[in-house]
Amino acid sequence: MTREFGYAVRFTVVAMLLFGGAYHAVLWTAGRIAFPRQAEGSLLRRADGTVLGSRLVAQAFARPAYFHPRPSAVDYDAAATGGSNDGPSNLALIAAVRARLDAVTRAEQTPASRVPSEMVTASGSGLDPDIPPQAAAIQAARIARTRGVPPDAVRALIEAHTAPPAFGFLGRARVNVLELNLALDEAFGAPPIAAPGGRE
């Protein structure tokens with residue numbers, strides 16, 4: 001009995017050291033060496049090293065001079081990731097989608113038939129950093145108008161930042177909103193921030 005108990009204790013200690021310590025240390029070290037950028041959270045930084053955000057997490061861009069992301073059921077809070085859990089027959093969800101669609105058609109001056117579903121429905125995580133190229137394209141005219149730049153220049157940025165489906169066939173083409181907005185500022189300069197009660 002005492003002998004078996006000793007075996008059990010030794011096994012428990014060894015298992016804890018291997019799977020609770022050594023295993024994680026090996027994975028952490030391999031990640032830092034082989035994938036240092038991803039291991040840090042795929043952070044995007046300014047030239048001076050200032051962190052601007054992660055390319056994996058959406059931000060709440062709302063100013064007319066920038067591309068807008070998908071709606072978020074968690075207000076883009078990475079600490080509370082998730083969806084609304086509302087089903088397609090939920091009246092509150094239907095009303096929210098209609099309100100978002102009206103807002104998009106007004107802001108982009110485009111018919112509802114051209115608005116991709118991603119611009120009026122939140123993702124399951126609430127933090128989807130990407131939108132389809134069509135969702136970026138309908139925003140190009142507004143951004144060009146607000147910034148006073150040629151629409152073709154904005155569309156060229158969209159095309160340059162459109163990622164194809166993974167391995168050429170998995171998923172759909174996508175545009176990372178944060179990367180695209182950073183490219184806007186790099187190409188055309190950051191727009192002035194409007195005074196309280198004013199407009200850009």
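Look above for the structure.
Predicted model only: the values in this text are computed from it and were never measured.

1. Describing the side chain of serine 54
With respect to the helices, strands and loops of the structure, serine 54 is situated in strand β2 (residues 51–54). Residue class for serine 54 comes out buried when judged on its relative accessible area of 12%. Among the polar contacts listed, one links the side chain of serine 54 to the backbone nitrogen of leucine 56, at a separation of 3.0 Å.

2. Quick word on the sheet that holds strand β5 (residues 174–176)
Judged by pairing direction, the sheet is antiparallel, and its 3 strands sit side by side in the order β3-β5-β4 without closing on themselves. Where the open sheet ends on each side, the last strands, each with one partner, are β3 (130–131) and β4 (162–163). Two elements, β3 and β5, share 2 bridges in a ladder whose sense is antiparallel. Across the sheet, residue isoleucine 131 finds its bridge partner in β5, namely valine 175.

3. Description of a nonpolar patch on the surface
Where nonpolar side chains cluster on the molecular surface, the patch consists of Val14, Leu18, Phe19, Tyr23 and Leu27 and spans about 520 Å² of accessible area. Positionally, leucine 18 belongs in helix α1 (residues 2–34).

4. Observations regarding the packing of aromatic side chains
By convention here, two paired aromatic rings are described through the distance between centres and the angle between planes. In this structure the tally under the stated criterion is 1 aromatic pair. Here phenylalanine 61 and tyrosine 66 contribute two aromatic rings whose centre-to-centre distance is 5.6 Å and whose plane-to-plane angle is 35 degrees, an arrangement assigned as tilted. The ring of tyrosine 66 carries the charged tip of arginine 147 above its face, separated from the ring centre by 5.0 Å.

5. Considering the pattern of salt bridges
This structure, assessed with the given rule, holds 6 salt bridges. Between aspartate 128 and arginine 70 there is a salt bridge; the shortest N-O distance is 3.5 Å. Of this pair, aspartate 128 sits in the loop between α3 (91–108) and β3 while arginine 70 sits in the loop between β2 and α3, and the two are 58 residues apart along the sequence. Overall, aspartate 128 belongs to the partly exposed group, its relative accessible area being 24%.

Basis of the calculations
Residues numbered from 1 in each chain as written. Predicted model: local features only at pLDDT ≥ 70, side-chain atom pairs only at ≥ 80, totals over all residues. Heavy atoms only, no water. Helix = DSSP H or I, 4+ residues; strand = E, 2+ residues; numbered from the N terminus. Buried < 20%, exposed > 50% of the residue type's maximum accessible area, 1.4 Å probe, protein only. Polar contact = N/O pair within 3.5 Å; in protein donor to acceptor, adjacent residues only side chain to side chain. Pairing = 2+ DSSP bridges. Patch = residues over 30% accessible without salt bridge, like charges linked within 9 Å, V, L, I, M, F, W, Y side chains within 5 Å. Areas by Shrake-Rupley, 256 points an atom, 1.4 Å probe, with all protein chains shown as cover. Salt bridge = Lys/Arg side-chain N within 4 Å of Asp/Glu carboxyl O. Phe/Tyr/Trp six-rings, centres within 6.5 Å; stacked < 30°, edge-to-face > 60°. Lys NZ or Arg CZ within 6 Å of the ring centre and 35° of its normal.

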